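Examining the three-dimensional arrangement
Residues per chain are reported as follows:
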Amino acid sequence: MPEYQTHQHDVLIIGAGGAGLRAAIEASASGLSVGLVCKSLLGKAHTVMAEGGIAAALANVDDRDSWKVHFADTMRGGQYVNNWRMAELHAKEAPDRVRELEAWGAMFDRTQDGRILQRNFGGHRYPRLAHVGDRTGLEMIRTLQDHGIHQGIDVHMECTIVRLLTDGGRVVGAFGYERERGRFKVFRTRAAVLATGGVGRAYKITSNSWEYTGDGHTLAYDVGAELMDMEFVQFHPTGMIWPPSVRGILVTEGVRGEGGVLKNNQGRRFMFDDIPDNYRSQTADNEEEGWRYTQGDKAARRPPELLTRDHVSRCIVREIREGRGSPHGGVFLDISWIKARLPNAAEHIKKKLPSMYHQFKQLADIDITREPMEVGPTTHYIMGGVRVDADTQMSTVPGLFAAGECAAGINGANRLGGNSLSDLLVFGKRAGEHAAKFARDQGAGTIDQRQVDEASKWALAPFDRGATAEGPYQVQYALQDMMQDLVGIVRNQGEMLRALEALAGLKERAQRVGVGGHREYNPGWHAALDLHNLLVVSEAITRSAIERRESRGGHFRDDYPDKHAEFGTFNTIVKKGSDGAMIVARAPIPPMPDELKKVIEEMK
Ligand SMILES: Cc1cc2nc3c(=O)[nH]c(=O)nc-3n(C[C@H](O)[C@H](O)[C@H](O)COP(=O)(O)OP(=O)(O)OC[C@H]3O[C@@H](n4cnc5c(N)ncnc54)[C@H](O)[C@@H]3O)c2cc1C
């Protein structure tokens, strides 16, 4: 059997984005030894790409904001299938987590009187996103990393975990490989925190980086943890669509927050044509009022471009399907028009949206201060993930915790922009704290050598099949095309049943893929191992989407286009059955306490 290095930590954190770093800081603050593993270099996690900001009811720009409004906005955005306790904790604790980040050195943009500046974002009633231009994630990662590194955390960079190891049903270790040299590593631990991010690479058009292959979801699923709400995938309304090489790259909602408008090829602001009833009272009914809102007029209501992402995406799809799209199959997003309102508009845009300015200039030769962008929906985020306890973040498997995008609950059927970065801080902290408590109370557990041997045999199997077998990329591309076409923004039963058949075929192909060469610097090998994760999350999304016979949030079915009260009473669960097949079940949502019900009523 191949050799491997061993490492031992009280708490092992898998993933070094915002959630993983915040968990590592908290666990190590309790004096335990903490290992932090990540697939890429430290500092390169997906969180670094976050642009628009962190949602927290600091009330710096509008003093009407409070945790109650944030809570009600999050529940409304999630269409009330959120874990209400998580939404409550998140809204209450996010301001402290942001101030803490500031105390650790984060340089936020400022109000005139020196407080953290907050901007408008979709679905948030008041300006709520603390930000650093449109590079907020970079500042967040830099700050957490600087702070964490001084706490004595052991970092294992460019190492991919492929299996969790269990002892009597409890997680006691993890098995992985170094991406550079291909050497195996076994980590022994008393508690593990998954913070591996999302699943966007299961789709062809995505804003997500190569790291988002659903690893944490699958690691948890494989050891018996439950996944929840996997049907709720967020398709962000504004990704780049041209040129083809940059298709899917995100265009931040901050563009619309700063006054950018969506238009079809007839020059019409089509978002005014369809305003959902539950947002009507909060939405501007004319362009003038919408503009005033973006400029901070407290008496104005938000423009319809700032409705929730699920709704804006569907309106864009409608325009494109009905022949009113832009030349390359999207719609127009225009921020340049504000020159009619602001004397120094070009400078203002470059200051507020520096990354967007450079992104379009360099990648598409478009000057966004002078001309509109072409945009269309892109797979962005998954609301579903590992089912966790709201207070502790422990999954349904003892010793296994999850936080950030790979955990489910806070967002329900749709996430509001900005709520992810605050989720990472609030629940990353909680996961680290409770993983450390769990670790203190436990013995070390025993690593089962058979599990390690089986994992290394599985990991090396693509080499046994060799370069003459089908390569992993063909299977990966076929999966991405299929998910995009059959389980995308608009779904129906017939197409999803075809997707299940296709998944069965792709699973067989994945078991036969082979790679050449050796274990050093071999991305083909990495892609072959990732296929298992992509297939598990794709099946979980498809089966959960079939189970939910209604439309809600990010999940839209043209055979059940309406929301049904019955489906608002449960979350969808998937789990590995004893025969290895995926089981789908419904978990009733516990009744909400009266005081939270009252908050929602008050904020209607
Ligand atoms: C372009 C873009 C802009 C965004 N803007 C915003 C915004 O303005 N505000 C907001 O709230 N949200 C935003 N989001 C969403 C938000 O950035 C993410 O949801 C969030 O950063 C996820 O953080 P995380 O800590 O859960 O995971 P990540 O930051 O993705 O970190 C995952 C970590 O897990 C590691 N990992 C994964 N698999 C393995 C494995 N098998 N073994 C070892 N390590 C592994 C990775 O290497 C990485 O270190 C944006 C997303 C995108 C794509």
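Here is a short report on the structure shown in this document.

Observations regarding the site of the ligand
Around the ligand, 40 residues are found, and the nearest of them are T47, G52, E211, Y212 and E405. Between the ligand and G52 there is a distance of 2.7 Å, counted from an oxygen atom to a backbone nitrogen or oxygen. Protein contact buries 99% of the 1,000 Å² of open area that the ligand shows by itself. Among the residues forming the shell around the ligand, the class breakdown is 16 nonpolar, 18 polar and 6 charged.

Focus on the packing of aromatic side chains
In this structure the tally under the stated criterion is 9 aromatic pairs. Where Y177 meets W525, the ring centres are 4.8 Å apart and the plane angle is 40 degrees; that geometry is what we call tilted. Here Y177, found in strand β8 (residues 170-178), pairs with W525, found in helix α16 (residues 523-547); they are 348 residues apart in sequence, far enough to count as distant. The class for W525 is buried, based on a relative accessible area of 0%. Aromatic side chains F463 and W525 sit 5.2 Å apart centroid to centroid with 45 degrees between the ring planes, which places their arrangement in the tilted category. In this pair, F463 sits in helix α13 (residues 449-465) while W525 sits in helix α16, placing the two residues 62 residues apart along the sequence. Each member of the pair, F463 together with W525, is buried.

Focus: the environment of V186
Along the chain, V186 falls in strand β9 (residues 184-194). Using a relative accessible area of 4% as the deciding quantity, one classes V186 as buried. The spatial distance from the C-alpha of V186 to the C-alpha of L165 is 9.1 Å, given a sequence separation of 21 residues. Filtering out sequence-adjacent residues up to four positions away, V186 remains in contact with Y4, Q5, T6, H7, L165, A174, F175, I447 and V452.

Quick notes on the packing of helix α15 (residues 493-512) against α16
One way to put it is that α15 packs onto α16 with a least axis distance of 10 Å and a crossing angle of 160 degrees. Judged by the inter-axis angle, α15 sits roughly antiparallel to α16. Both α15 and α16 take part in a crossing whose hand is left-handed. Of α16, the residues touching α15 (which contributes Q493, M496, L497, A499, L500, L503, L506, K507 and A510) are L531, L535, S538, E539, T542, R543, A545 and I546.

Digging into the sheet that holds strand β13 (residues 331-334)
If you trace the 4 strands from one edge of the open sheet to the other, you get β11-β14-β13-β12, paired in antiparallel fashion. At either end of the open sheet lies a strand with only one pairing partner, and these are β11 (233-240) and β12 (261-263). Strand-to-strand twist in this sheet, taken as the mean axis angle between neighbours without regard to direction, amounts to 45 degrees.

Description of the nonpolar core
Formed by 123 residues in total, the largest nonpolar core has its most connected members in V11, F108, L194, W525 and I541. For this core, the element with the most residues is α16, which contributes 12 residues. Among all residues touching W525, those that are not within four sequence positions of it are Y177, G182, F184, A459, L460, P462, F463, V515 and R519. Counting residues in hydrophobic clusters, the runner-up holds 28 residues, among them V251, L262, Y279 and V312.

A word on the packing of helix α2 (residues 67-77) against helix α17 (residues 594-602)
Contact geometry for α2 and α17: axes closest at 9 Å, N-to-C directions at 85 degrees. Taken as axis vectors, α2 and α17 run roughly perpendicular relative to one another. Of the residues in α17, those in contact with W67, K68, F71 and M75 of α2 are L596, V599 and I600. For the contact of α2 with α17, the class distribution of residues is 6 nonpolar, no polar and 1 charged.

A short note on the environment of P327
Assignment of secondary structure puts P327 in the loop between α9 (309-321) and β13. Judged by its relative accessible area of 67%, P327 is exposed. Put simply, P327 and E374 are 47 residues apart on the chain and 8.4 Å apart in space, counted from C-alpha to C-alpha. The residues touching P327, leaving out its near neighbours within four places in the chain, are F332 and E374.

Things to note about the sheet that holds strand β4 (residues 118-119)
Read across the sheet, 3 strands follow the order β3-β5-β4 without closing on themselves; strand pairing throughout is antiparallel. Across the chains shown, the open sheet's two edge strands, defined by having one partner strand only, are β3 (54-55) and β4. Summarising the sheet, β3 and strand β5 (residues 129-130) pair through 2 bridges and their orientation is antiparallel. Among the inter-strand pairings, I54 is bridged to a residue of β5, identified as A130.

What counts, and where the lines are drawn
Residues numbered from 1 in each chain as written. Predicted model: local features only at pLDDT ≥ 70, side-chain atom pairs only at ≥ 80, totals over all residues. Heavy atoms only, no water. Near = heavy atom within 4 Å. Polar contact = N/O pair within 3.5 Å; in protein donor to acceptor, adjacent residues only side chain to side chain. Areas by Shrake-Rupley, 256 points an atom, 1.4 Å probe, with all protein chains shown as cover. Nonpolar A, V, L, I, M, F, W, Y, C, P; charged D, E, K, R; others polar. Phe/Tyr/Trp six-rings, centres within 6.5 Å; stacked < 30°, edge-to-face > 60°. Helix = DSSP H or I, 4+ residues; strand = E, 2+ residues; numbered from the N terminus. Buried < 20%, exposed > 50% of the residue type's maximum accessible area, 1.4 Å probe, protein only. Contact = heavy atoms within 4.5 Å. Axes fitted to C-alpha atoms, helices over the stretch in contact; angles between N-to-C directions. Parallel < 35°, antiparallel > 145°, perpendicular 65-115°, else oblique. Left-handed = near helix turned anticlockwise from the far one by under 90°. Pairing = 2+ DSSP bridges. Core = buried A, V, L, I, M, F, W, Y, C linked by side-chain atoms within 4.5 Å.

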